[in-house]
Structure formats: C-alpha cells, structure tokens
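So the chains spell out like this:
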Amino acid sequence: MSKKIGFLQRWMFIIDKISAHPYISKQELEAALESEFTVYDGIAGVGTRSRTLERDLSEIRQAPYMDISIEYCRKRKGYYIPTDEKSLSKLNRLFEVSSLLSFSLLKEILFTDHRKPRGLEHRFTLVSAIRGLVEIEIEYRKYSTSTTPGQRRLLHPYGLREFKNRWYLLAMEAGETTMKVWGLDRIGKLTLTNRKFTKDPAIDLKKKFEHCFGIYTNSELPPERVVLSFSPLSGKYTDSLPLHESQRTLIHNEEEYRVELRVKLTPDFIMELLSQSAGMRVIEPASLRETLIDIHRKALYLLEDTPTSGDNFT
C-alpha cells in the first residue's frame, strides 16, 4: 500500500477518534494510534510518533478536500471538532470506506452494499474540474426523455452532492446564472475542456442546501416549521440519525418521540416521510399531512386494483 493511502487512512482514523471522543487528549490519541491503527495494512511506513501526530493535525486542518478543522481546548486539555463541522461530508466517508476495503485484515469482516449506481467513474474527473475551475462538456440524458439521445451541455462545475447512494453534480450551464443539479448516472460522455471559468463568489452551496433534505433546492420554496411525532421504537432510529441538521427534540419519553425541524417541503423530504409513515404522525403543518394522506390514498388504490394486460399508471 502506498504511503499516500496510508496517510489518508490515518487522517480518517484521527478524525473519527476526535469526533467520537470530544476533548480527547494527545496522550489518548497516541495510545489509540499505537493499539488500534496497527491492525491496518500497509502502515509500517506511516509512523505513529508524537511529531507525526502533530504534523497530521496540521495537514488535516490545511487540506482543502477535508473541509474540517480540529481545535485544541486548553481548559479541557483535549482536541475537538467544532459542532457545526461534526457531520463529516459523504465524500470523506467515501474515502474512509474505500480505504477500509483495501485493508487485507478487514476484507473478511467488512461487508458493504454491492449495488453501485451508474456514473461513479466520473467522480474524480469532476473533482479535478471543480478544484481547477475547468469547464466540462457532457452528454446528458434525462430519464423523463429517455427516448431522445443525450444532449451536449457545457457546464461550470461547482460541487458534488451524495444522496441515498446516488451522486449529483452541482453546476451551471455556460452563459447562465442558475445552479442546477445533474445526476451522474445520467451523464454519458464527460470531457474536460481546456477552458477555465470564473467562479461566482456570490454562490454559497452550503447555504443553498441549508434547509433542504436531498437534492431538490427550489429557491422559491420557503422553509417551514415541521413537527413530527414518532412511536418510541421509530423515534430511536430518528434520534440516532436525524432527518435534518435543524432537528430538535421536543418530547422524548416512553410514549412518544416528537421533533421539530425547519425544512423545505421538497419531494425528497416527502418521500423520506412516506418511508417512515408506519411509525410516524405529522403534527404540523396541516398541508404536509394532507399531502401524505393523498399519496397514501393513491398508493392504496394501486395496491387494491388488480392489474390486467395493458394497464399503466395513468
């Protein structure tokens, strides 16, 4: 295994340790590296000395693709990750899982989902284009117009977003000012041009998705206060993996788990609620409750209707 991969594995190990144990001391980090990190394959040339740990922390803070900072609290004498950064990006998690799969000692005990969406081969080319501000050319075919050939598009790529194991490109068409979402699974040919583009400093992708669940943003859709009530069992899952970063617990007892969120009522969010509706009630807003009821009525009709040859979903 190359030293480059070894260092990346080490960085992710350090980040996870600090994230799981806020204010972990330098001595505790060093001990964990000595006792746990040694099970990883190919780390002989990486090193676990104190000087190396300090260098790792400095490089993690400076690496632009890590997008995470590690602070030291003198009062509590330990390292921590600011709360607004504690949720590591999916891209970092991807690197972590990819590196784990390369450890020979873990191949027999780490089992991942073998389903792989189309378009993953484009990710690293796109990362290069995004970081280098290089215009790209793609052939793109929408699923809604699958009978037509892919259309040629010139794009200015700004970022990548993962949602439910699918990857999306955030980019603007050349000559336009509207940010759009492009599914990597619908991209055919991808070409890096030799043209650079100027990034719009007014575009803030984090703010664009601040109140969104999934990939739909819709700037005209306002965020709303959503209150959901879960059964005690369903609530445990929602508590361990919040629906949104704005989620706040209102009630948590043996009878009910109730939360409040501030999100846009996008199709992705509605679909997520439908998947949890067996143990969930919508307290507010009433419009969201009626939307879910209507969808369930249509689904019930389709399930009860016995299909015959030639039937469709119209």
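Caption draft 1: Layout of the overall build of the protein chain. In terms of helices and strands, the protein chain carries nine helices and eleven strands. The burial tally for the protein chain puts 38% of its 314 residues in the buried class. Restricting to contacts in the protein chain with at least 6 residues of sequence separation, those with at least 24 account for 60%. By element, 52% of the accessible surface of the protein chain is carried by carbon and sulfur atoms, the whole surface being about 19600 Å².

Caption draft 2: Structural context of the packing of aromatic side chains. Using the criterion set out here, one finds seven aromatic pairs in the structure. Consider the rings of Y23 and Y80, whose centres lie 5.2 Å apart with planes at 35 degrees: the pair is tilted. Taken together, the positions of Y23 in the loop between α1 (3-20) and α2 (26-35) and Y80 in strand β2 (residues 78-80) put the pair 57 residues apart, joining distant regions of the chain. Under the relative-accessibility criterion, Y23 is labelled partly exposed at 28%. Aromatic side chains Y140 and W182 sit 5.0 Å apart centroid to centroid with 85 degrees between the ring planes, which places their arrangement in the edge-to-face category. In this pair, Y140 sits in strand β3 (residues 134-140) while W182 sits in strand β6 (residues 179-183), placing the two residues 42 residues apart along the sequence. Take Y140 and W182: they sit in the same class, and that class is buried.

Caption draft 3: Main features of helix α8 (residues 267-275). Along α8, the residues classified as buried are D268, F269, I270, E272, L273 and L274. Each element contacted by the buried residues of α8 is listed here: β4 (151-163), β8 (224-230), β10 (257-263), β11 (280-284) and α9 (286-304).

Caption draft 4: The arrangement of the sheet that holds β4 in detail. Read across the sheet, five strands follow the order β6-β5-β4-β3-β7 without closing on themselves; strand pairing throughout is antiparallel. The sheet is open, and its two edges are formed by β6 and β7 (187-196), each paired on a single side. When strand polarity is set aside, the average angle formed by the axes of neighbouring strands in this sheet is 45 degrees. Of the pairings in the sheet, the one linking β3 to β4 comprises five bridges and is antiparallel in character. Note that in β4 the partner of I138 across the bridge is R153. The strands touched by helix α5 (residues 123-132) are β3, β4, β5 (166-173) and β7; relative to β4, the strand with the most contacts, the crossing angle is about 100 degrees.

Caption draft 5: View of the environment of D239. When you line up the elements, D239 lands in helix α7 (residues 232-240). Between the C-alpha atoms of D239 and T249, which are ten residues apart in sequence, the distance is 8.3 Å. Not counting residues within four places of it along the chain, the set of residues in contact with D239 comprises T249, H252 and Y257.

Caption draft 6: Representation of the pattern of salt bridges within the structure. Applying the stated criterion across every chain, the model contains 14 salt bridges. A salt bridge links D294 to K298, with the nearest nitrogen and oxygen atoms 3.5 Å apart. Note that D294 and K298 are positioned in helix α9 at a spacing of four residues, about one turn of the helix.

Caption draft 7: Seen up close, the pairing of β3. The element β3 is largely enclosed, with a buried count of five among its seven residues. Here β3 runs beside β7; their pairing, made up of five bridges, is antiparallel. Note on β7: the bridge partner recorded for V134 is K196.

Caption draft 8: Geometry of the sheet that holds β10. If you walk across this open sheet you meet the four strands as β9-β10-β8-β11, and the pairing is antiparallel. A single partner strand is all that each edge strand has here, and the edge strands are β9 (248-252) and β11. Taking the axes of each pair of neighbouring strands and ignoring which way they run, one obtains an average angle of 25 degrees across the sheet. Pairing analysis gives four bridges linking β8 to β11, with the strands arranged antiparallel. Along β11, the bridge assignment pairs S229 with R281.

Caption draft 9: A look at unusual backbone geometry. The step from E284 to P285 runs through a cis peptide bond, and the omega angle for that step is 5 degrees. As for its placement among the helices and strands, P285 is situated in the loop between β11 and α9. With a phi close to 55 degrees, L133 is a non-glycine residue in the positive phi region. Within the fold, L133 resides in the loop between α5 and β3.

Definitions and cut-offs
- Residues numbered from 1 in each chain as written.
- Predicted model: local features only at pLDDT ≥ 70, side-chain atom pairs only at ≥ 80, totals over all residues.
- Heavy atoms only, no water.
- Helix = DSSP H or I, 4+ residues; strand = E, 2+ residues; numbered from the N terminus.
- Buried < 20%, exposed > 50% of the residue type's maximum accessible area, 1.4 Å probe, protein only.
- Contact = heavy atoms within 4.5 Å.
- Areas by Shrake-Rupley, 256 points an atom, 1.4 Å probe, with all protein chains shown as cover.
- Phe/Tyr/Trp six-rings, centres within 6.5 Å; stacked < 30°, edge-to-face > 60°.
- Pairing = 2+ DSSP bridges.
- Axes fitted to C-alpha atoms, helices over the stretch in contact; angles between N-to-C directions.
- Salt bridge = Lys/Arg side-chain N within 4 Å of Asp/Glu carboxyl O.

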